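Residues per chain are reported as follows:
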Amino acid sequence: MSTREHDHGPDAPGHQGQSAHEGHGGHDHGGHDHGGSGHAGHSHGVAADADRRYLTAALVLIGVFIVVEVAVGILASSLALITDAGHMVTDAFAIGLALVAMRLAARPARGRWTYGFKRAEILSAQINGITFLVLAVWFIYEAVRRLISPPDVEGGLVIVTAAVGIVINVIAAWLISRANRSSLNVEGAYQHILNDLWAFIATLVSGIVVLTTGFARADAIASLVVAALMLKSGIALVRESWRIFLEAAPAGIDPDAMGADLVAIEGVTEIHDLHIWTITSGFPALSAHVLVQPGDDCHRVRDRLQERLRDRYAITHTTLQVDHAEPPVLAIGTTRGHCEDPHGASHFG
C-alpha cells in the first residue's frame, strides 16, 4: 500500500493523502488509497466587500470626535476624558486594521499562499487585544497616581463631552453591529466601541460626582473602571486569536467525542490523524486518515463521513484519506505498519 506525503504549510496540520473534490477519489495502483475533500457550500472568512461601508462610517465619526475630546480633556484636566480619547484612538486603529484585514482576506489563494490571507483578520484581532492590554496597564498606572494626588477637574466640561461621546459611540456601535460579527476581526472592532460606550457612561457619572460633590478622585476611579473593561476584552480577544493561531479545535467541538462519533459510522474500522482547526472566523477545517472494512466501498464511506461532518458539526472543508484496512490491522487494532507516525488518538470501530 502506498503512502503519499504532503508538505504541510503553517495553516494545515500534518496529514497524508491526496486531496480531491467531493465525489471524486484518487486511486493508487499499488493499493487502495482514496483521498477526498469536501468544499460544498461554505464561505471562507470575510467576503471581498463585506460591510466596509459600515466600518468606514464608524471610523470617520470616531476620528472627528477624538480631536474634540483630547482638546476638552486637556482643558478640563480630566484623566477620564483623556483615557476615553486614548481608548477611541484604539477604536479607530481597530476599525482601520479591520478594513485592511478585510482587503487582504479577500485576496485569492495563489502561489505559496494556499489559503490566501485569510488569517489576516485573526492577526488584526490579536493586535487589537494586545493594544487593549497595553493601554489598560498605562491607564491603571495613571489612575492610581491621580488617586494619590488628584488634580482639579472641570466637572461641567466632563459631563458635556461624555454625553456627546455616548451618542457618538451608540451610533458607531449600531453601524458595526450591522456588519458580520461572526468575524473575529469585526467582533474585535465592535468590542472596542462597546467598551468605549461603557467608558463614557463611567466618565459621565464621574463628572456628575465631581460637579455636585467636589470629589475629584471620582475621575480616576472612572478611569480604573474603563481599564478593567479593557483588560476583560483584551484577554478574550488574545485568547481566542491564539487558539486559532495554535490550531486548536474550534470552540464547542470535542475531537475525542467527534472521533468516537465518526468511527461508529457503518463501514468505518478506524480513524487516526484526526485534525480539526480554524483557518479564519467561520472557516473550520478537518483532515483525517480513515480505514474501512475490506471489500467495502471507500467512496460511499467517505460520503457518509462528509455528510455527518456537514450536518452535525457544520464542517464542510474536509480532507479525508480513506484506505481499506489490512487484516493484520483488524486483528491487532493498531495503526503500526500502516502509518509510521500517527498523530493524536486513534479511534476504533
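Up top you'll find the structure we're talking about.
Reading guide: rules and limits
Numbers given for residues are sequential positions, taken from 1 along each chain in its written order. Given that the model is predicted, a residue must reach a pLDDT of at least 70 before its local features are reported, and side-chain atom pairs must reach 80 or more before they are shown or counted; all residues, however, enter totals for whole chains, interfaces and linings. Side-chain measures here rest on the full set of heavy atoms in the structure, leaving out hydrogens and waters. Under the scheme used here, helices are H or I runs from DSSP no shorter than 4 residues and strands are E runs no shorter than 2 residues, and both carry numbers assigned from the N terminus. Residue count minus one, scaled by 1.5 Å, sets the expected span of a helix. Burial status follows relative accessibility: with a 1.4 Å probe on protein chains alone, a residue under 20% of its type maximum counts as buried, one over 50% as exposed, and anything between as partly exposed. We call two strands paired when DSSP finds no fewer than two bridges between them. Every axis in this analysis is a line fitted to C-alpha atoms, fitted for helices over the stretch in contact. Angles between the N-to-C directions lie between 0 and 180 degrees. Here is the rule for angles: anything less than 35 degrees is roughly parallel, anything more than 145 is roughly antiparallel, 65 through 115 is roughly perpendicular, and the remaining ranges are oblique. Any pair of residues with heavy atoms lying within 4.5 Å of one another is described as a contacting pair. Here the nonpolar group is Ala, Val, Leu, Ile, Met, Phe, Trp, Tyr, Cys and Pro; Asp, Glu, Lys and Arg are the charged ones; every other residue, Gly included, is treated as polar. Any Lys or Arg side-chain nitrogen found within 4 Å of a carboxyl oxygen on Asp or Glu counts as a salt bridge. Crossings are classed by handedness, with left-handed meaning an anticlockwise turn of the near helix from the far one by less than a right angle and right-handed meaning a clockwise turn. Grouping buried Ala, Val, Leu, Ile, Met, Phe, Trp, Tyr and Cys residues that are joined through side-chain atoms within 4.5 Å yields what is termed a nonpolar core.

1. Concerning helix α6 (residues 217-245)
Between its first and last C-alpha atoms α6 spans 42 Å; for 29 residues at 1.5 Å apiece the expected length is 42 Å, and the two agree. Phi turns positive one or two residues past the end of α6, at Glu-247, with a value near 60°.

2. Observations concerning the pairing of strand β2 (residues 268-280)
Working note: regular strand, side chains alternate between the two faces of the sheet. Counting buried positions along β2 gives 13 out of 13 residues, so the element sits mostly inside the fold. For β2 and strand β3 (residues 283-292), the ladder comprises nine bridges, and the chain directions are antiparallel. Note that in β3 the partner of His-272 across the bridge is His-289. Here β2 folds back onto β3, and the loop between the two strands holds two residues, one of which, Gly-282, carries a positive phi near 75°. Sheet topology places β2 next to strand β5 (residues 347-348); two bridges connect them, and they run antiparallel. Within the sheet, the bridge partner assigned to Ile-271 lies in β5 and is His-347.

3. Brief notes about the packing of helix α2 (residues 79-105) against α6
Following both chains from N to C, one finds α2 and α6 inclined at 25°, their axes separated by 8 Å at the closest point. As summarised for this structure, α2 and α6 are arranged roughly parallel, according to the angle between their axes. Every residue of α6 that contacts α2 at Leu-79, Ala-80, Thr-83, Asp-84 and His-87 is listed here: Asp-219, Ala-222, Ser-223, Val-226 and Met-230. Grouping the constituent residues of the contact of α2 with α6 by class yields five nonpolar, three polar and two charged.

4. Points about the pattern of salt bridges
Under the counting rule described, the total for this entry stands at seven salt bridges. A salt bridge links Arg-119 to Glu-247; the nearest nitrogen and oxygen atoms lie 3.8 Å apart. Residue Arg-119 is located in the loop between α2 and α3 (120-148), and its partner Glu-247 is located in the loop between α6 and α7 (255-263); the two are separated by 128 residues in the primary sequence. Between Asp-261 and Arg-308 there is a salt bridge, with the nearest N and O atoms lying 2.8 Å from each other.

5. Notes on the packing of α3 against α6
For the pair α3 and α6, interaxial distance at closest approach is 7 Å and the crossing angle is 155°. Of the possible angle classes, the one that applies to α3 and α6 is roughly antiparallel. With respect to the hand of their crossing, α3 and α6 are arranged in left-handed fashion. Taken together, the residues that form the contact of α3 with α6 break down as 25 nonpolar, seven polar and three charged.

6. What about the nonpolar core?
Core analysis: the biggest nonpolar cluster contains 27 residues, and Leu-55, Ile-62, Met-88, Ile-95, Ile-176 and Ile-193 have the highest contact counts within it. Listing elements by their share of this core, those giving two or more residues are α1 (52-76), α2, α4 (155-177) and α5 (184-213). Residues Val-268, Val-292, Cys-298 and Leu-305 belong to the second largest nonpolar core, which totals 22 residues.

7. Some thoughts on the environment of Asp-91
Within the secondary structure layout, Asp-91 lies in helix α2. Sequence separation between Asp-91 and His-192 is 101 residues, and the spatial gap between their C-alpha atoms is 5.4 Å. Among residues more than four places away in sequence, those in contact with Asp-91 are Ile-62, Asn-169, His-192, Ile-193 and Asp-196.

8. Remarks on the pairing of strand β4 (residues 317-324)
Buried residues dominate β4, accounting for eight of its eight residues. Bridging between β3 and β4 involves eight bridges; their strand directions are parallel. Looking across to β4, one finds that Leu-291 is bridged to Asp-323.

9. Some points on unusual backbone geometry
A positive phi is found at Glu-247, a non-glycine position, where the angle reads about 60°. Although it is not a glycine, Asp-273 adopts a positive phi angle of roughly 50°. Take Asp-273: it is sitting in strand β2. Take Asp-273: its relative accessible area is 4%, and that puts it in the buried class.

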